[in-house]
Amino acid sequence: QVQLVESGGGLVQAGGSLRLSCAASASTFSFNAMNWYRQAPGKQRESVAGISSGGSTNYLDSVKGRFTISRDNAKNTVYLQMNSLKPEDTATYYCNAEKFSGLRLMNYWGKGTLVTVSS
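The rules behind each value
- Residues numbered from 1 in each chain as written.
- Predicted model: local features only at pLDDT ≥ 70, side-chain atom pairs only at ≥ 80, totals over all residues.
- Heavy atoms only, no water.
- Pairing = 2+ DSSP bridges.
- Helix = DSSP H or I, 4+ residues; strand = E, 2+ residues; numbered from the N terminus.
- Axes fitted to C-alpha atoms, helices over the stretch in contact; angles between N-to-C directions.
- Buried < 20%, exposed > 50% of the residue type's maximum accessible area, 1.4 Å probe, protein only.
- Lys, Arg positive; Asp, Glu negative; His and termini not counted.
- Salt bridge = Lys/Arg side-chain N within 4 Å of Asp/Glu carboxyl O.
- Contact = heavy atoms within 4.5 Å.
- Core = buried A, V, L, I, M, F, W, Y, C linked by side-chain atoms within 4.5 Å.
- Phe/Tyr/Trp six-rings, centres within 6.5 Å; stacked < 30°, edge-to-face > 60°.
- Lys NZ or Arg CZ within 6 Å of the ring centre and 35° of its normal.

1. Brief notes about the sheet that holds strand 3 (residues 18–24)
No. 1: Across the sheet, which stays open at both edges, the four strands sit in the order 1-3-8-7 with antiparallel pairing between neighbours. For this open sheet the edge positions go to strand 1 (4–7) and strand 7 (67–72), each flanked by a neighbour on one side alone. Neighbour-to-neighbour, the strand axes of this sheet turn through a mean angle of 15°, independent of strand direction.
No. 2: Summarising the sheet, strand 1 and strand 3 pair through four bridges and their orientation is antiparallel. Pairing of Val5 across the sheet is with Ala23, part of strand 3.

2. So, the side chain of Glu98
No. 1: Within the secondary structure, Glu98 is located in strand 9 (residues 91–101).
No. 2: For the buried Glu98, which has no salt bridge, the nearest side chain bearing the opposite charge is Arg71, at an N-O separation of 11 Å.
No. 3: The residues contacting Glu98, other than those within four sequence positions of it, are Phe31, Asn32, Ala33, Asn35, Leu105, Met106 and Asn107.

3. Observations concerning the nonpolar core
No. 1: In terms of nonpolar packing, the biggest core is built from 29 residues, with Leu4, Met34, Trp36, Phe67, Leu80, Met82 and Tyr93 touching the most fellow members.
No. 2: Sorting the residues of this core by element identifies strand 3, strand 4 (33–39), strand 5 (46–52), strand 7, strand 8 (77–82), strand 9 and strand 11 (113–118) as the ones contributing at least two each.
No. 3: Once residues lying within four places of it in the same chain are set aside, the contact partners of Leu4 are Cys22, Ala23, Ala24, Met34, Cys95, Asn96, Ala97, Tyr108, Trp109, Gly110 and Lys111.

4. A closer look at the environment of Trp36
No. 1: Along the polypeptide, Trp36 turns up in strand 4.
No. 2: Taking the C-alpha atoms as reference, Trp36 lies 6.2 Å from Ser47; in sequence the two are 11 residues apart.

5. Some remarks on the packing of aromatic side chains
No. 1: One pass over the full model with this rule turns up one aromatic pair.
No. 2: The aromatic ring of Tyr94 is capped on one face by Arg45, whose charged end is 3.8 Å from the ring centroid.
No. 3: In this arrangement the basic side chain of Arg45 is found over the ring face of Trp109, its NZ or CZ atom lying 4.7 Å from the centre.

6. Thoughts on the environment of Ala49
No. 1: Tracing the sequence through the fold places Ala49 in strand 5.
No. 2: Along the backbone, Ala49 and Trp36 are 13 residues apart, and their C-alpha atoms lie at a distance of 5.3 Å.

7. Looking at the pairing of strand 4
No. 1: Where burial is concerned, most of strand 4 is hidden: five out of the seven residues are buried.
No. 2: A loop of six residues connects strand 4 with strand 5, the two strands running antiparallel in sequence, and Gly42 in this loop sits at a positive phi of about 80°.

What follows is the structure, given as structure tokens:
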């Protein structure tokens, strides 16, 4: 069973920065992709950023140019650097890992870390 533990959330003023971390209990090399999702109160969970095993990245349009996802395989950790934060970025951020088990794609989730951006 893969465990993911997020950290780095908190309260920040608009325009500020935070760096989220997601520590995995398994080698990040073993994952097909690792992703950050977020869910604001009353809204559906949405994909914010992802990084494939090959290092390709993708971002939600509204965070492009402000957020950067990266991976440190030696530490089995994925990061989300968030700059120029806006109040609309306020949400609980979840780490997700995709891993094939045979032909079946398994999804693992962390418990989330809360990011609050004040105006």
